[in-house]
Amino acid sequence: MKQEYADIVHRCFRCGWCKLPTNYVDFNCPAYLKYRFETFASGGRMWLIRAWLDGDIETSERLGQILFSCVTCKNCVEACALPKIKDSLVDIFIAAREDLVEKGAVPPAVRDYLKAMSISGNPYKKPRDERSDWAKGLDLPEFTDQEYLFYVGDVGSYDELGMKMAREVGKLLRDTGLSIGILGSAEVSDGNDVKTLGEAGLASHLMQENIRVLRERGVRKIITLSPHGYNAMKNDYPSLGGRFEVYHYTQVLGLMVNDRVPKGTLDVKVTFHDPCYLGRWNREYWGPRFLLGSVPGVRLVEMDRNMQNALCCGGGGGNFYTDILGTGADSASQVRAREALDTGADILAVACPICHKMLDDAVKAEGLEGAIRVMDVAGVVNLSRG
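This text gives an overview of the structure that appears in the document. (Residues numbered from 1 in each chain as written. Predicted model: local features only at pLDDT ≥ 70, side-chain atom pairs only at ≥ 80, totals over all residues. Heavy atoms only, no water.)

## A word on the side chain of Ser 333
- Within the secondary structure, Ser 333 sits in helix H16 (residues 332-342).
- Relative accessible area serves as the criterion here: at 9%, Ser 333 is assigned to the buried category.
- Contact partners of Ser 333, with chain neighbours within four places excluded, come to Cys 313, Met 358, Leu 359 and Ala 362. (Helix = DSSP H or I, 4+ residues; strand = E, 2+ residues; numbered from the N terminus. Buried < 20%, exposed > 50% of the residue type's maximum accessible area, 1.4 Å probe, protein only. Contact = heavy atoms within 4.5 Å.)

As structure tokens, then:
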């Protein structure tokens, strides 16, 4: 672990604010919400890491479970009262994971994910030439010299709901008349979740390979489907020489869909779930809301926990792939589904393929399929178009 992190890890005095939103309405740390042990909250992890670095506790399966249960949602960064350490909290947890990866002491689910990424280049162990299947029939051209590249990433390429979301966004981008192209089977994983799971070397390799492909194609502007890919390309790629203009799809469509796409009227109440890697990681809260607000008849209602106080779906930090937090009534995704239902909304809107899958599964697990529907923001716009 970097010395700068080792030097500050002892400064946490476990006030406990890290597991609460800033309006204190409920617990907002998904791992603490599930297990209710202090060691699963950020303050407890800091003390545990300190004891581990000092040699007071040994590397163990339990330590691995606790460290890899963090979903890197940054609620703790938002809530922490100590300005000199709060911005480093999640970086410290990722650094501790890197140390466990180097020791080969990771949970089996993490090991399997990293192995799949290393061998297959995607967590689904599917052939690379299937990456373009989501776009079949959409008439989206391969990227040559268009103004924008539409990058969909692993979940948008291979997961059933992710592919559906990629098609909804691709269709809307196409219909705006925007100059866009896709990479299809030439796409490379963005590396964001590999990095958060502590495999820094593999993450750097994937990111540099992606940068090479993007440069060879002459890409300058990128629209991402996933906030995870958006975060990596915006914040990690520049230090590796990859400097691009990067946008999340809601940022682009929110500005132009009013003028370019005719829409009908819906009579629905919608609540929006903020993705952590778009919101707390990158401070984008309004793009998705502008896009939803562009649809006549949509009545946007907010959950008690929204924007910087939003409860994570539980899929961040690689948990979508490893499922270390698991399911159950106290899982973040099921708590979030009930919170969305309490608003009286007909639709729970999402802007991330990982959130889409996590919350769709949670609605089914709660038996709420007839009461509320999970849809991506572009899907809501397309619904109004008939």
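From this point, the narrative continues.
## Re the sheet that holds strand E6 (residues 298-300)
- The 4 strands lie next to each other as E6-E5-E7-E8, forming an open sheet whose pairing is parallel. Strand pairing shows two members of the sheet lacking a second neighbour, E6 and strand E8 (373-376), which therefore form its edges. Averaged over all pairs of adjacent strands, the angle between their axes in this sheet comes to 35 degrees, without regard to strand direction.
- Pairing analysis gives 4 bridges linking strand E7 (residues 347-350) to E8, with the strands arranged parallel. If you follow Ala 349 over to E8, its bridge partner there is Met 375. (Pairing = 2+ DSSP bridges. Axes fitted to C-alpha atoms, helices over the stretch in contact; angles between N-to-C directions.)

## Examining a negative patch on the surface
- On the surface, Glu 4, Asp 7, Asp 87 and Asp 91 cluster together to form a negatively charged patch.
- In this structure, Asp 87 sits in the loop between helix H5 (75-79) and helix H6 (89-103).
- Taking the relative accessible area as the measure of exposure, Asp 87 reaches 54% and is therefore exposed. (Patch = residues over 30% accessible without salt bridge, like charges linked within 9 Å, V, L, I, M, F, W, Y side chains within 5 Å. Areas by Shrake-Rupley, 256 points an atom, 1.4 Å probe, with all protein chains shown as cover. Salt bridge = Lys/Arg side-chain N within 4 Å of Asp/Glu carboxyl O. Lys, Arg positive; Asp, Glu negative; His and termini not counted. Charge placed at Lys NZ, Arg CZ, Asp CG, Glu CD.)

## Re the pairing of strand E3 (residues 221-224)
- Both faces of E3 are covered, namely the face carrying Lys 221 and Ile 223 and the face carrying Ile 222 and Thr 224.
- When E3 meets strand E4 (residues 245-248), the two strands line up parallel, connected through 4 bridges. Among the inter-strand pairings, Ile 222 is bridged to a residue of E4, identified as Val 246.
- With helix H12 (residues 227-236) bridging E3 and the parallel E4, this β-α-β connection has right-handed handedness. (Right-handed = clockwise from strand over helix to strand, strands pointing away.)

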